[in-house]
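Geometric and topological summary
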Amino acid sequence: MTTSTIGLADPADLEPSLLYERTYATRRRPTYIDAAVLLSLMFVLLAVIPAREVLPGATDVGRPALVIGFLLFLWWAVTRFSPGLVMVGPQPIRWAFFGYFGVLLLGYAVGFLRGLTSMEANAADRTMIYFCCFGGALLTAADGLPNWLKLRTLLKVLVVSATFVALFGVVEYLLGRDLSNYLLIPGLQEKGWVPVLEDRGSGVRVASTTSHYIEMAAYLALVLPFAIHFAIFARVPKRRWMAIASCIIIGAGIASTISRTGIISEVIMFVALVPLWTWRMRYNIGVVLTIMISGAAAATGGLVHTLLHLFDNPTGNSSISVRYERYPMAFHYIGQRPWLGRGTGTWVSPQYQIMDNMWLEILLNNGIVGAIAYAALHITAITVAWMALRRSKEREVRHLCAALISTQFMGLIVAATFDSLAFLTFATTLGLTVGMCGTVWRLTHPQRMVRTSATRSFAGRVS
């Protein structure tokens, strides 16, 4: 293979993929509307339309982007009922997702057997609908991206979308104004909480187009590894500088949220990526970070001071201590129904207190079985991305796999800092990264029939 492993001339994309005996197909066949296009549209809409904008009469899962996600889930499901449309080849991510989805369905039944209030019943319905959207992004990415070019294109769209969110947030921070009203779309309806600018220390927290400051920080942190990836491996100097600019803007966007979760996520990212960098890369990135921090300190010294003291005196910090005070209550309820929980999505505010800890909410909703299934989803993603990293000899592919692994560790760890799956911009992007772990596993697999994403109907046409 050449050094252009995931570029326009990737030999693995051009090789004939074995479908049946004496039956081959190319993974670079021309398409107009495919999985990559629909996923790209979904995540552009997720970024540019404020989170509170939904279809008239819908809940928060009625956001235009999530409607596309739900349709993608139905599209994937329809192929299961038509042998001619089923994707060829195994996919561990499918099993991991449907293992977790099966636990959610079991919890849904357990909740109604327990007896639910109207608020709990509505929340349970909403949760199941959302995880169909989550599954739409995950399964379409895992099964539907046919080659490295499509994966690379989707990642570029994701980085550009996150750069918009970050830049919009930075402008809000500098102006001290909520500008999201200028992005409202005629025909959509505002629903849910509108995040206002919030003072913290010497700075002001912003949420941009997301629904919360913490969500914005976590979402941008999920995408930052891919921006760094393009900054390192872009072949055209102009695109490399554009990627570097995206890294700086996204980093500034994370800082403007003044969020511990954002800082924790960035640390996780560096721990995952630094071992794959050369010493030259580490030096260059260290210099850029030093310049950014120095510039921020000179421009907004109060913000840097606030960020450096976010982790000071945790026992005396009200935002941390208030979380600890809720834990005895949470474990009291968990002890009542430890294995399957109280029912999927039924721990809902304002009927119950928000835990600000997704692991506790999973234990409350779906019990120990649910927590194991959710952890298994991310562990499976980490495992298959690690297998892809080990298979590949190309630095670019290995770095991309490491970036995907970092996002899964973020998902596991930051779930303890906020109720992560309740924030749909972050959760849907996390679902996409899980699916892309399956993509790199498939595209690096030694067997041609696994590497392909063609359907049996396509195989029938070319045989």
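Please read these numbers as outputs of a predicted model, since none were measured by experiment.

Section: the overall build of the protein chain
If you tally the helices and strands in the protein chain, you get 17 helices and six strands. Burial status across the protein chain gives 56% buried among its 463 residues. Considering only residue pairs separated by 6 or more positions, the protein chain has 76% of its internal contacts joining residues 24 or more positions apart. A total accessible area of about 19500 Å² is found for the protein chain, and carbon and sulfur atoms account for 68% of it.

Points about helix α6 (residues 148-175)
Note: α-helices contain 3.6 residues per turn, so residues at a spacing of three or four share the same orientation. Between its first and last C-alpha atoms α6 spans 40 Å; for 28 residues at 1.5 Å apiece the expected length is 40 Å, and the two agree. The N-cap of α6, judged by a side-chain oxygen 3.2 Å from the amide nitrogen of Leu-149 a few residues on, is Asn-147. At the C-terminal side of α6, Gly-176 shows a positive phi close to 65 degrees.

Some details on the nonpolar core
In this structure, Leu-39, Tyr-130, Leu-220, Phe-226 and Met-436 are the most contacted members of the largest nonpolar core, which totals 117 residues. Looking at this core element by element, the count peaks at 17 residues for helix α13 (residues 358-391). When sequence neighbours within four positions are dropped, the list of residues in contact with Met-436 reads Ala-141, Leu-151, Leu-154, Leu-155, Phe-226 and Leu-404.

Describing helix α8 (residues 237-256)
Here α8 contains 20 residues, and its C-alpha end-to-end distance of 29 Å stays within 8% of the 28 Å for a straight helix at 1.5 Å per residue. Taken residue by residue, α8 has Ala-243, Ser-246, Cys-247, Ile-250, Gly-251, Gly-253, Ile-254, Ala-255 and Ser-256 as its buried positions. Trailing α8 by a residue or two, Ile-258 shows a phi angle of about 50 degrees, which is positive.

Let's talk about the packing of helix α3 (residues 64-80) against helix α5 (residues 118-144)
Running from N to C, α3 and α5 cross one another at 65 degrees; their axes reach a closest spacing of 7 Å. In this structure, α3 meets α5 at a crossing whose hand is left-handed. For the pair α3 and α5, contact is made by Leu-66, Gly-69, Phe-70, Leu-72, Phe-73 and Trp-76 and by Ile-129, Tyr-130, Cys-132, Cys-133, Gly-135, Gly-136, Leu-139, Thr-140 and Asp-143, respectively. For the contact of α3 with α5, the residue count by class is ten nonpolar, four polar and one charged.

Some thoughts on the pattern of salt bridges
Within the structure shown, the criterion is met by nine salt bridges. Between Arg-205 and Glu-198 there is a salt bridge; the shortest N-O distance is 3.1 Å. Judged by its relative accessible area of 4%, Arg-205 falls in the buried class. Using a relative accessible area of 32% as the deciding quantity, one classes Glu-198 as partly exposed.

Concerning the packing of aromatic side chains
Per the counting criterion, the structure on display carries 21 aromatic pairs. Residues Trp-347 and Tyr-352 carry aromatic rings whose centres are separated by 4.4 Å and whose planes lie at 15 degrees to one another, so their mutual orientation is stacked. Given a relative accessible area of 14%, Tyr-352 falls into the buried group.

Some points on the packing of helix α2 (residues 35-48) against α6
Relative orientation of the contacting elements α2 and α6 amounts to 10 degrees, with a least axis distance of 9 Å. As far as their axial angle goes, α6 and α2 are roughly parallel. Each of Ala-36, Leu-39, Ser-40, Phe-43, Val-44, Ala-47 and Val-48 in α2 lies in contact with α6, whose residues at this interface are Lys-150, Leu-154, Val-157, Leu-158, Ser-161, Phe-164 and Val-165. In terms of residue class, the contact of α2 with α6 is made up of eleven nonpolar, two polar and one charged.

Description of the side chain of Thr-210
Position of Thr-210 relative to the elements: it lies in the loop between β6 (203-205) and α7 (213-233). A distance of 3.1 Å separates the side chain of Thr-210 from the backbone oxygen of His-212, its partner in a polar contact. Every residue in contact with Thr-210, bar those within four places of it in the chain, is listed here: Ala-51, Val-165, Pro-195, Glu-215, Met-216 and Thr-425.

Rules behind the numbers
- Residues numbered from 1 in each chain as written.
- Predicted model: local features only at pLDDT ≥ 70, side-chain atom pairs only at ≥ 80, totals over all residues.
- Heavy atoms only, no water.
- Helix = DSSP H or I, 4+ residues; strand = E, 2+ residues; numbered from the N terminus.
- Buried < 20%, exposed > 50% of the residue type's maximum accessible area, 1.4 Å probe, protein only.
- Contact = heavy atoms within 4.5 Å.
- Areas by Shrake-Rupley, 256 points an atom, 1.4 Å probe, with all protein chains shown as cover.
- Expected span 1.5 Å × (residues − 1).
- Polar contact = N/O pair within 3.5 Å; in protein donor to acceptor, adjacent residues only side chain to side chain.
- Core = buried A, V, L, I, M, F, W, Y, C linked by side-chain atoms within 4.5 Å.
- Axes fitted to C-alpha atoms, helices over the stretch in contact; angles between N-to-C directions.
- Left-handed = near helix turned anticlockwise from the far one by under 90°.
- Nonpolar A, V, L, I, M, F, W, Y, C, P; charged D, E, K, R; others polar.
- Salt bridge = Lys/Arg side-chain N within 4 Å of Asp/Glu carboxyl O.
- Phe/Tyr/Trp six-rings, centres within 6.5 Å; stacked < 30°, edge-to-face > 60°.
- Parallel < 35°, antiparallel > 145°, perpendicular 65-115°, else oblique.

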